[in-house]
Amino acid sequence: MSTINGGGVQIRQSRRLPDFLQSVNLKYVKLGYHYLMTHLLTLLLVPLMAVIIIEASQMNPDDIHQLWLHLKYNLVSVIICSAVLVFGSTVYIMTRPRSIYLVDFSGYRPPSHLQVKFHQFMEHSRLTGDFDESSLEFQRKILERSGLGEETYVPDAMHYLPPRPSMAAAREEAEQVMFGSLDNLFANTNVKPKDIGILVVNCSLFNPTPSLSAMIVNKYKLRGNIRSFNLGGMGCSAGVIAIDLAKDMLQVHRNTYAVVVSTENITQNWYFGNKKSMLIPNCLFRVGGSAVLLSNKAKDRRRAKYKLVHVVRTHKGADDNAFKCVYQEQDNAGKTGVSLSKDLMAIAGMALKANITTLGPLVLPISEQLLFFATLVAKKFSNAKVKPYIPDFKLAFDHFCIHAGGRAVIDELEKNLQLLPEHVEASRMTLHRFGNTSSSSIWYELAYTEAKGRMRRGNRVWQIAFGSGFKCNSAVWQALRNVKPSPNSPWEDCIDKYPVQTVT
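What comes next is a walk through the structure. (Residues numbered from 1 in each chain as written. Predicted model: local features only at pLDDT ≥ 70, side-chain atom pairs only at ≥ 80, totals over all residues. Heavy atoms only, no water.)

### Details of the overall build of the chain
Across its full length, the chain holds 16 helices and 13 strands. Looking at the chain as a whole, 50% of its 504 residues are labelled buried. Excluding contacts between residues fewer than 6 apart, the proportion of contacts in the chain whose partners are at least 24 apart in sequence is 80%. (Helix = DSSP H or I, 4+ residues; strand = E, 2+ residues; numbered from the N terminus. Buried < 20%, exposed > 50% of the residue type's maximum accessible area, 1.4 Å probe, protein only. Contact = heavy atoms within 4.5 Å.)

Printed below as a string of structure tokens:
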């Protein structure tokens, strides 16, 4: 741990993200290979069918006539072949998961009057009278090093003096974000709200009654038999959890749409105390949200942007330190906030290590898998000091959407995964333009890649996010076409200014 002194204020830098690729656990590799073997039947049937088709295409009329004569006088062979064919086709159809398509998504761009510059943030914090000089200086230093720009947004209630964090104001913030995202999504896709069969909403810190999902059902008059879910308290990785839940529901319910809404609510969760570990969220979290339209309809493949390939989830909540590293509590003065542990980066590293070790066998080329697995086994069963082979994830993915939780996290992932600056550009620019928008940040990053015109047919995208609990979750998408940005993209008014130089 290092300490920086300035103006009598001490800021303790969190432990750097551990080099998790140098220390992997064999059980997570086994889990990844288990996922791979689950689809072994499909992998075997596809080449078998290909061989049969190739052989059949090489047959001449005489061969076909001879085969017909053989089958004509050999009823047993006909029955056996037919039974095998029917059985194999049935097993394949029954076990094959339905394809899940991402038709479109929308990121919310708040109105310009909610923007807050650094000097406005600091002046407003001073005038509230809730923070002492040490806390004000601490927040100033965090802001300067955060990677945030001067155009991020805070909710309307925080622009008043004194601030007005009421339940009504929190509901208003939620409505503006969710309805703004959904209005744009429905307009861009021409999907009627009545056609939505599944609704999943995630918001970690604001869970009123009726729920946020009920607010959406009421606003858009969704049908009475809709399967609606409201996920709370699951942190910044809940967006991927919501996608996974929607995917599972789409496997069960045929021919329907699912909408996933991801947001966070700041109005009632601003911290007005002087505990340093609880002040950091004030400096990083900003207003934002997203809405995603998923479909299991085969006809939607033609207009969909992406196909869902994998979702891998990792939960470290069994460990007490991991469970409490992001913890909502009251300080000694009775003021509520979210406390960030000094061990947060180390715990994030453990979760990331487990997640990517499981994901690796599913996405890496066979050459990378063999090298990685061979060195891992050698290290496990030999006394020799074998340096693990670090897989090159750039061979598996074309674009990376790393949760914009903070500059330090992006820096360390860039280093540990051996990524290039262009691979983390979307994450850095999202943090600069919109701040940490929690679970929706990965969608602002994907929108940035689209706005830059970089998404090509067949490209693979890795979305990775982590949050309280402690959880690390990954989603892998494949572009079905050359993707253009949708109308009213959150980057529509500023993409030409990016990338910009950010603090290092």
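### Some thoughts on helix 6 (residues 133–145)
For helix 6, spanning 13 residues, the distance from its first C-alpha to its last is 19 Å, which sits close to the expected 18 Å at 1.5 Å a residue. Those residues of helix 6 that fall on the buried side of the exposure criterion are Ser135, Leu136, Glu137, Phe138, Gln139, Lys141, Ile142 and Leu143. A side-chain oxygen of the first residue of helix 6 lies 3.3 Å from the backbone nitrogen of Ser134; this N-cap is Asp132. Positive backbone phi, approximately 90 degrees, marks Gly147, located one or two places after helix 6. (Expected span 1.5 Å × (residues − 1). Polar contact = N/O pair within 3.5 Å; in protein donor to acceptor, adjacent residues only side chain to side chain.)

### A look at the packing of helix 7 (residues 167–189) against helix 8 (residues 212–220)
Direction vectors running N to C along helix 7 and helix 8 enclose 55 degrees, while the axes themselves pass 11 Å from each other. By the angle between their directions, the pair helix 7 and helix 8 is classed as oblique. Note that helix 7 runs across helix 8; the crossing there is right-handed. Between helix 7 and helix 8, the residues in contact are Arg171, Ala174, Glu175, Met178, Phe179, Leu182, Asp183 and Phe186 and Leu212, Met215, Ile216, Lys219 and Tyr220, respectively. Here the contact of helix 7 with helix 8 is composed, by residue class, of 9 nonpolar, no polar and 4 charged. (Axes fitted to C-alpha atoms, helices over the stretch in contact; angles between N-to-C directions. Parallel < 35°, antiparallel > 145°, perpendicular 65-115°, else oblique. Left-handed = near helix turned anticlockwise from the far one by under 90°. Nonpolar A, V, L, I, M, F, W, Y, C, P; charged D, E, K, R; others polar.)

### Some details on the sheet that holds strand 8 (residues 306–315)
The strand order 5-4-6-7-3-8-13-12-11 describes an open sheet built from 9 strands, whose pairing is mixed. Taken across any chain shown, the strands that pair with only one partner, and hence form the sheet edges, are strand 5 (227–231) and strand 11 (399–402). Recorded for the sheet is a direction-independent mean angle of 20 degrees between the axes of neighbouring strands. Bridging between strand 12 (residues 460–467) and strand 13 (residues 471–479) involves 8 bridges; their strand directions are antiparallel. From the neighbouring strand, Trp462 faces strand 13, where its bridge partner is Val476. Contacting strand 8, strand 12 and strand 13, helix 12 (residues 344–363) runs over the sheet at an angle of about 140 degrees to strand 8. (Pairing = 2+ DSSP bridges.)

### Observations concerning the pairing of strand 10 (residues 336–340)
Looking along a regular strand, one sees side chains alternate from face to face of the sheet. With 4 of 5 residues buried, strand 10 is to be regarded as a mostly interior element. Hairpin remark: strand 9 (residues 326–330) followed by strand 10, antiparallel, with 5 residues in the connecting loop; positive phi at Gly334, about 85 degrees.

### Observations regarding the pattern of salt bridges
For the structure on display, the rule yields 20 salt bridges. The salt bridge partner of Asp411 is Arg428, with a shortest N-O separation of 2.7 Å. With Asp411 in helix 14 (residues 407–416) and Arg428 in helix 15 (residues 425–434), this pair connects stretches of sequence that are 17 residues apart. In this structure Arg428 comes out as buried when scored by relative accessible area, which is 18%. (Salt bridge = Lys/Arg side-chain N within 4 Å of Asp/Glu carboxyl O.)

### Some words on the nonpolar core
With 65 residues, the main nonpolar core has Leu294, Tyr306, Trp443, Trp477 and Trp491 as its most contacted residues. A per-element tally of this core places helix 9 (residues 238–252) first, with 7 residues. Residues contacting Trp477, with those up to four places away along its chain left out, are Leu102, Ile243, Leu294, Tyr306, Lys307, Leu308, Val309, Trp443, Asn459, Arg460, Val461 and Gln463. Counting residues in hydrophobic clusters, the runner-up holds 38 residues, among them Val326, Ile347, Ile356 and Phe393. (Core = buried A, V, L, I, M, F, W, Y, C linked by side-chain atoms within 4.5 Å.)

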